[in-house]
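Close look at the chain arrangement
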Amino acid sequence: MAHQFTSGVFLNSQPAWHRLGTVLDGTLPPREAFRVADAIWQVSARPVLDTQGRVIPDYQAITRCDTGEALSIMSGTYHPVQNDQLVLIAEALRSDLEMDAVCVLAGGRKVTFTARIRNASAEVGRGDIVEPYLVGATSHDGTVAFQVLFTPVRVVCANTLAQALGRANGNNRRSIKHTRNAAQLINRLPEIIDLQRRQFTAGIDELQAMAATPCTSAQFAAYCSEVFADQLTGTVNDKRGDASTARPKVLSDLPQWEGLRDKFAGGLIGGDLPGVSGTVWGAYNAVTEFASHDAGR
């Protein structure tokens, strides 16, 4: 399945789009959240054997200790980082964070938590609340470095994890190699969180200006033409297989255009909130809802 969801917990009465996992009211302490998500287990490095039962040098099988499942085959220099290192980061930052989700993905190959940053939510319009998250992630197959990142994406599956990682850059991501431990990150994170909180608060003015700026259907179409410009290159035949009917692509040729247009016209989640319908903020949310929810799903 595309979401690769194995187990998890979703807090604050907010389920994931796939409707899997445990959903609870309110929040939980980090270690309890990991326990409910079935993410409190260790991995060990075990020898890799050939068909004759002989050890293959310089390789190791990273194995989930509670189930015995081999999660990956890694080089001998790879050092597993335990899930508990993510717990330690969340516990060290409890005064700054409120746990929101913990996910085990792909049978345990990836583990992640999402936490809300306290005192950093704001209203763009009345009832339209935006807030930043801190996401902690690691993998036991080498695909994701042990890291924390600041993102507006609530990670609930493999797709949203990929989106959060794709959006992150050097200014809002901190990672370590699988040869060290979380203590190297913990000492600096409080000051980094404070900086992110101040940057987020400063950026709210821009979002509120978007909510106060009208956007017509024609302007929304022009905006989408910019966003999806790479998909509008080349030509399309009005009659299948007939090159003589070729013409430049237009928005209506894109399979997502009808859905995008409907979102902007009022089908957007939260589209009934003040400052959304018919505004630049509504146009932005129509596109991001498509990219983060529809396309990711």
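Because the structure is a prediction, the values reported are computed rather than measured.

Considerations on the pairing of strand β6 (residues 97-105)
- Extensive coverage of β6 is indicated by the burial of eight of its nine residues.
- With five bridges connecting them, strand β1 (residues 5-10) and β6 associate as antiparallel partners. Following the sheet pairing, Phe5 is matched in β6 by Leu105.
- Here β6 runs beside strand β7 (residues 110-117); their pairing, made up of eight bridges, is antiparallel. In the sheet register, Val102 faces β7, and the bridge partner there is Phe113.
- Two successive antiparallel strands, β6 and β7, enclose a turn made up of four residues, where Ala106 displays a positive phi of approximately 55°.

Observations concerning the environment of Ser244
- Position of Ser244 relative to the elements: it lies in the loop between β13 (235-237) and β14 (246-248).
- Owing to a relative accessible area of 63%, Ser244 belongs among the exposed residues under this scheme.
- Side-chain polar atoms of Ser244 contact the side chain of Asp242, separated by 2.5 Å.

Things to note about the sheet that holds strand β3 (residues 43-49)
- Strand order in the open sheet formed by three strands is β3-β4-β5, with antiparallel pairing between adjacent strands. If you trace the sheet from one side to the other, it starts and ends with β3 and β5 (70-75), each paired once. Recorded for the sheet is a direction-independent mean angle of 35° between the axes of neighbouring strands.

Comments concerning the packing of helix α6 (residues 217-227) against helix α7 (residues 257-267)
- Two elements in contact, α6 and α7, have axes separated by 11 Å at closest approach and are oriented at 135°. It follows that α6 is oblique to α7 by the angle criterion. Classified by chirality, the crossing of α7 by α6 is right-handed. Contacts from Ser217, Phe220, Ala221 and Cys224 in α6 reach Trp257, Leu260, Arg261 and Phe264 in α7.
- Of the residues belonging to the contact of α6 with α7, the class tally is six nonpolar, one polar and one charged.

Re the state of the cysteines
- Tallied over the full model, the rule gives zero disulfides.
- As a non-bridged cysteine, Cys157 has Cys103 as the owner of its nearest cysteine sulfur, 7.6 Å distant.
- For Cys157, a relative accessible area of 0% corresponds to the buried category.
- Here Cys215 is not cross-linked by a disulfide; its sulfur's nearest cysteine counterpart is in Cys224, at 8.7 Å.

As for the pattern of salt bridges
- Taken as a whole and assessed by the stated rule, the structure comprises 13 salt bridges.
- One salt bridge in this structure joins Glu69 and Arg109, with 3.5 Å as the shortest N-O distance. Taken together, the residues Glu69 in the loop between β4 (55-64) and β5 and Arg109 in the loop between β6 and β7 connect sequence positions 40 residues apart.
- A relative accessible area of 34% places Glu69 in the partly exposed class.
- The exposure class assigned to Arg109 is partly exposed, which follows from its relative accessible area of 24%.
- Ionic pairing is found between Arg154 and Asp100, a salt bridge with its closest N-O pair at 2.4 Å. Pair noted here: Arg154 is in the loop between β11 (146-151) and α3 (158-167) and Asp100 is in strand β6, with a separation of 54 residues, a long-range link.
- For Arg154, a relative accessible area of 15% translates into the label buried.
- On the basis of relative accessible area, Asp100 is assigned to the buried category, the value being 0%.

Considering the nonpolar core
- The biggest cluster of nonpolar side chains holds 30 residues, and the ones touching the most others in it are Phe34, Ala39, Met99, Val102, Phe113 and Leu134.
- Those elements that place two or more of their residues in this core are α1 (30-36), β5, α2 (84-92), β6, β7 and β11.

Remarks on the packing of aromatic side chains
- Tallied over the full model, the rule gives seven aromatic pairs.
- Here the aromatic residues Phe220, Tyr223, Trp257 and Phe264 are joined through ring pairs into a cluster of three or more.

Some thoughts on the pairing of β4
- Here β3 pairs with β4 via six bridges, running antiparallel. Across the sheet, residue Arg46 finds its bridge partner in β4, namely Ala61.
- As consecutive antiparallel partners, β3 and β4 are separated by five residues, and within that stretch Gly53 has a phi angle of approximately 80°, a positive value.
- What sits between the antiparallel neighbours β4 and β5 is a turn of five residues, in which Gly68 has the positive phi angle 80°.

Parameters and conventions
Residues numbered from 1 in each chain as written. Predicted model: local features only at pLDDT ≥ 70, side-chain atom pairs only at ≥ 80, totals over all residues. Heavy atoms only, no water. Buried < 20%, exposed > 50% of the residue type's maximum accessible area, 1.4 Å probe, protein only. Helix = DSSP H or I, 4+ residues; strand = E, 2+ residues; numbered from the N terminus. Pairing = 2+ DSSP bridges. Polar contact = N/O pair within 3.5 Å; in protein donor to acceptor, adjacent residues only side chain to side chain. Axes fitted to C-alpha atoms, helices over the stretch in contact; angles between N-to-C directions. Parallel < 35°, antiparallel > 145°, perpendicular 65-115°, else oblique. Left-handed = near helix turned anticlockwise from the far one by under 90°. Contact = heavy atoms within 4.5 Å. Nonpolar A, V, L, I, M, F, W, Y, C, P; charged D, E, K, R; others polar. Disulfide = S-S within 2.5 Å. Salt bridge = Lys/Arg side-chain N within 4 Å of Asp/Glu carboxyl O. Core = buried A, V, L, I, M, F, W, Y, C linked by side-chain atoms within 4.5 Å. Phe/Tyr/Trp six-rings, centres within 6.5 Å; stacked < 30°, edge-to-face > 60°.

Any functional reading would require information beyond the geometric quantities listed.
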